[in-house]
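# Tertiary structure, described
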Amino acid sequence: MIAVSIQAQRNGAAPGQDYVISGRVVDPRQLKPEGAVLMLGQPDGDTGFTSIPVPLDSKGAFTTPRRARGTYILEFVRTPHSSVKPATVVGFSVVTIDTADVTGVTVEVRPDFALTGRFRMESDNPKAEWPTYLSVTAYLALDGLPELNSRIADGAPGGRFVLRNAFGPRVLRCGYALAPGSKWWPSRVTLDGVDVTNVPTDFSAHPDGQLEVVFTQRPARIAGTVVDARRQPVFAPWIVAVSANGRLWQKWATTSQVSQGNTTGRFSFSVLPGAYLVAAVSQRTVDSWHPARDQVLRYARAGVPVEVKDGQPTTVTLTVQGSR
């Protein structure tokens, strides 16, 4: 459930034009956010996000500059230019332009929210050292788009963190630095005991929820060897894996993986438990990890089905694609 209402009627317009988004910012609770500015944001490539201010009239009405078809983010931001107060999002809306102007959009001013979560470390070693650095970032997770519009949680004592005003459908991702000799892998995110690792969630709807970010020292793994049609090992192949669930064929999902085998075709990489499609292509198919990651679905969707269980390795022998 998205944190604000989106009411839109579409007006006819000729194909190939640019279009406007219009509507109002409303403040039904009379929160009157200080110095607030409406911002219009959009994806910029695979990792960027750019935004511009949109003027409001005395009644909170707005009309954006003309924009091409695509997905846009409207955010109402409190104290965006203050030197002593943080810029804080207090209103949020996602709007998609198709082939017409989008009118009647409502951006509602929302109360601040703060959801406290905790880290949980799963290990058979009670003396295992935690990572020396941990961070949590909430990204917008929209269909067909990469991770967008990050919101970084505040650190808190006792292995906790506080997520503030992260409106809209989001997934949580972690940054971390390991202590020497103590390896950890991000495992899953749970909300009230339910796995939401790859489930876009509006955390503002769960201010009293029990949020956990779990790390493990015993990750599930996919391992094996890549061979050619003569059953000979393949030199340094690329191995690609995606979830067998097509709903997770998204750039923001953690169920897509790329690894490179060694000189004898052997490989091993950690994954979340679940059902996967796994495939291998020759070293010549792509020249580096990033192109392989960009094309993971192209190669893996016709891959070998593999079922991976929690904390266990799953072994598979793959025949390199294109081998005869």
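Here's what I pulled together on the structure shown here. Just so you know, these numbers come straight off a predicted model, no measurement behind them.

### Concerning the sheet that holds strand β21 (residues 266–271)
Spatially, the 3 strands line up as an open sheet ordered β21-β18-β24, and their pairing is mixed. Two strands bound the open sheet, and with one partner strand each, they are β21 and β24 (313–319). Going from strand to strand, the sheet's axes swing by 25° on average, the running direction of each strand aside. Bridge analysis of strand β18 (residues 220–227) against β24 gives 7 bridges, and the strand direction is parallel. Pairing of R221 across the sheet is with P313, part of β24.

### Brief notes about the environment of V281
The residue V281 is located in strand β22 (residues 274–281) in this model. The sequence separation of V281 and V226 amounts to 55 residues, and the corresponding C-alpha distance is 8.9 Å. The residues touching V281, leaving out its near neighbours within four places in the chain, are P237, W238, Y299, V320 and Q321.

### Details of the sheet that holds strand β11 (residues 148–152)
The strand order across the open sheet formed by 3 strands is β11-β10-β14, and the pairing between neighbours is antiparallel. Unpaired on one side and paired on the other, β11 and β14 (170–177) mark the two borders of the sheet. Averaged over all pairs of adjacent strands, the angle between their axes in this sheet comes to 30°, without regard to strand direction.

### So, the nonpolar core
L172, F203, L211 and V213 are the most contacted members of the largest nonpolar core, which totals 31 residues. Looking at this core, the elements with two or more residues in it are β6 (70–78), β7 (88–97), β9 (114–122), β10 (133–140), β13 (160–164), β15 (185–191) and β17 (211–216). Every residue in contact with F203, bar those within four places of it in the chain, is listed here: F113, L115, L163, A166, R170, L172, L191 and L211. Formed by 18 residues, the second largest nonpolar core is a distinct cluster that contains I222, V226, V306 and V308.

Reading the values: the criteria
Residues numbered from 1 in each chain as written. Predicted model: local features only at pLDDT ≥ 70, side-chain atom pairs only at ≥ 80, totals over all residues. Heavy atoms only, no water. Pairing = 2+ DSSP bridges. Helix = DSSP H or I, 4+ residues; strand = E, 2+ residues; numbered from the N terminus. Axes fitted to C-alpha atoms, helices over the stretch in contact; angles between N-to-C directions. Contact = heavy atoms within 4.5 Å. Core = buried A, V, L, I, M, F, W, Y, C linked by side-chain atoms within 4.5 Å. Buried < 20%, exposed > 50% of the residue type's maximum accessible area, 1.4 Å probe, protein only.

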